[in-house]
Each structure stands twice: as structure tokens, then as C-alpha cells.
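As a plain string of letters, each chain reads:
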Amino acid sequence: MSPYFFYIFAAILIFASLCVVMARNPLYNVLSLVVAIFSLSCLFVLLEAYFVGMILLLVYAGAVLVFFLFVVMCLNLNTIALTSAQQGHFRWLGGMVGLMFALTFALATKSFIKAQTMDPSSIRGTIETIGKILFTDYLLPFELTSFLLLIAIFGIVSLAQGALSTGKDVENS
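Residues numbered from 1 in each chain as written. Predicted model: local features only at pLDDT ≥ 70, side-chain atom pairs only at ≥ 80, totals over all residues. Heavy atoms only, no water.

Q: If you had to explain the overall build of the chain to someone new, which residues and values would you point to?
A: Within the chain, the secondary structure is distributed over six helices and zero strands. From first element to last, N terminus to C terminus, the chain shows the α and β order α-α-α-α-α-α. Carbon and sulfur atoms form 74% of the exposed surface of the chain, whose accessible area is close to 13,700 Å². (Helix = DSSP H or I, 4+ residues; strand = E, 2+ residues; numbered from the N terminus. Areas by Shrake-Rupley, 256 points an atom, 1.4 Å probe, with all protein chains shown as cover.)

Written as C-alpha cells, this is what we have:
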């Protein structure tokens, strides 16, 4: 029965991820991201990584994405028409991001193939093991992630203050 659930949640994850990228409304982007994170959390639970699955669900879908959803709803974002020159800059940036994604995918595939030849671990994803690895081997990426979230919060606050100072979100009464 487990492979069927894997395929169901994987299909939902792929569809929701495509909706995150393809939707034109920012509200739909955030809602699709919530669905994608929920299905990813379900995949982790199917892989018996319960702690990672629940933390992903609680922290990202429960806190960060709800915060982003709240900000998107408060900003009342409208679509902006871009000139072809401005779109060219975004195409170049999109090409760079696509190249980085392809490189990351190749590295992940190489790591997966290498992991298939390794012996299984006797301790599978306990909180103690994850904590030791997180705060020893992966301390720099952990701190950089927290710094990136802090920068995102500053950006959201500055966007909200800019929208409030221009009166963009004030409706005609």
C-alpha cells in the first residue's frame, strides 16, 4: 500500500510545485506552496523520517507560509506590465537559476547513487542524531538559512511600509 501513497503524494507535489511557478496570482502561489510542503511532509513520513516530516509541516507550512500568505493578502499586490527589455533581464536570471537547478540535480543524483552502495545506518533519524549533525557538520548552512529568513523578513516589512506610505492598500471609502 505504501508505494501507492508515494505515487499519489509525489504527483500532488509535482502538480503543486508547477502551480507555484505557473500561477499568476501571488495568493495562489503561496497556497500551492502550502500544498507542496504538505505533500513533501507526507513523503518524509512514508520514508519513516517522522521528525523531519513533522518539523517541515509545522515550521514551514504552519508558520512561515502562513506569514507569507498574510503579507501577500495585506499588500494587495497587482500585476505589473513589464517591457520586453525588463523581461529579457528576467529571462537571463531564469536561465541562470535553471542552470543552477540542473547542476544541483546532477549532484543530488550522484549523491543518491553513492548512497545506494553504503550500508544502512543503525540509528535512523533520531532527534539526537539530527541535532548532532545539524550543529556540527551543517552549522554554516543552518546559520546561513536563518540569516536568509531574517533578510526575507526585513524585505517583507520594507514592502509593507512602502505600500502603507503610498496608500496602495487603502481602499476608496
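Q: Report on the nonpolar core, specifying residues and quantitative values.
A: With six residues, the main nonpolar core is built from Phe9, Leu13, Ala16, Ala36, Cys42 and Leu43. Counting residues per element, the ones that place at least two in this core are α1 (2–22) and α2 (26–46). Sequence-distant contacts of Ala36, that is, excluding residues within four places in its chain, are made with Leu13, Ala16 and Ser17. (Core = buried A, V, L, I, M, F, W, Y, C linked by side-chain atoms within 4.5 Å. Buried < 20%, exposed > 50% of the residue type's maximum accessible area, 1.4 Å probe, protein only. Contact = heavy atoms within 4.5 Å.)

Q: Tell me about the confidence of the model for the chain, and name the residues and values.
A: Counting all residues, the mean pLDDT for the chain is 77, and 82% of those residues have values of 70 or more. Mean pLDDT per element in the chain: helix α4 (residues 84–116) is the minimum at 76, and α1 is the maximum at 89. (pLDDT = per-residue confidence, 0-100.)

Q: So what about the packing of aromatic side chains? Which residues, and what values?
A: The tally for this structure, following the rule as stated, stands at two aromatic pairs. With centroids separated by 5.5 Å and ring planes inclined at 70°, the aromatic side chains of Phe6 and Tyr7 adopt a geometry described as edge-to-face. Arranged with centres 5.2 Å apart and planes meeting at 80°, the rings of Phe135 and Phe142 form a pair that is edge-to-face. The class of Phe142 is partly exposed, set by a relative accessible area of 33%. (Phe/Tyr/Trp six-rings, centres within 6.5 Å; stacked < 30°, edge-to-face > 60°.)

Q: Tell me what's going on with the packing of α1 against α2, and back it up with residues and numbers.
A: Between α1 and α2, the least distance of the axes is 8 Å, while the angle of their chain directions is 155°. With respect to each other, α1 and α2 are oriented roughly antiparallel. The chirality of how α1 crosses α2 is left-handed. Within the contact between the two elements, α1 uses Ser2, Phe5, Phe6, Phe9, Ala10, Ile12, Leu13, Ala16, Ser17, Cys19, Val20 and Val21 and α2 uses Asn29, Ser32, Leu33, Val35, Ala36, Ser39, Leu40, Cys42, Leu43 and Leu46. Partitioning the contact of α1 with α2 into residue classes produces 17 nonpolar, five polar and no charged. (Axes fitted to C-alpha atoms, helices over the stretch in contact; angles between N-to-C directions. Parallel < 35°, antiparallel > 145°, perpendicular 65-115°, else oblique. Left-handed = near helix turned anticlockwise from the far one by under 90°. Nonpolar A, V, L, I, M, F, W, Y, C, P; charged D, E, K, R; others polar.)

Q: Residue-level account of the environment of Leu56, with values.
A: Mapped onto the secondary structure, Leu56 falls in helix α3 (residues 50–75). The exposure class of Leu56 is buried, given its relative accessible area of 14%. Residues Leu56 and Phe38, 18 residues apart in the sequence, show an inter-C-alpha distance of 8.2 Å. If we skip the residues at most four places from it in the chain, Leu56 touches Ile37, Leu40, Ser41, Phe44 and Ala61.

Q: Please provide a residue-by-residue account of α2, values included.
A: Over its 21 residues, α2 runs 30 Å from end to end, which matches the ideal 30 Å to within 8%, given 1.5 Å per residue. Taken together, the buried positions of α2 are Asn29, Val30, Ser32, Ala36, Ile37, Ser39, Ser41, Cys42 and Leu43. Phi turns positive, to about 65°, at Glu48, one or two residues after α2. (Expected span 1.5 Å × (residues − 1).)

Q: Before we move on, could you go through the environment of Leu31 and cite the residues and values that matter?
A: Turning to its location among the elements, Leu31 is positioned in helix α2. Remark: the alpha-carbon pair of Leu31 and Leu65, spanning 34 residues in sequence, is separated by 8.3 Å.

Q: Describe the side chain of Ser32, and please don't skip the residues or the numbers.
A: When you line up the elements, Ser32 lands in helix α2. Relative accessible area serves as the criterion here: at 13%, Ser32 is assigned to the buried category. Aside from chain neighbours lying at most four places away, what touches Ser32 is Ala16, Cys19 and Val20.

Q: Please give an account of the side chain of Ser41 that cites residues and values.
A: Structurally, the position occupied by Ser41 is in helix α2. Residue class for Ser41 comes out buried when judged on its relative accessible area of 3%. Every residue in contact with Ser41, bar those within four places of it in the chain, is listed here: Gly53, Met54, Leu56 and Leu57.

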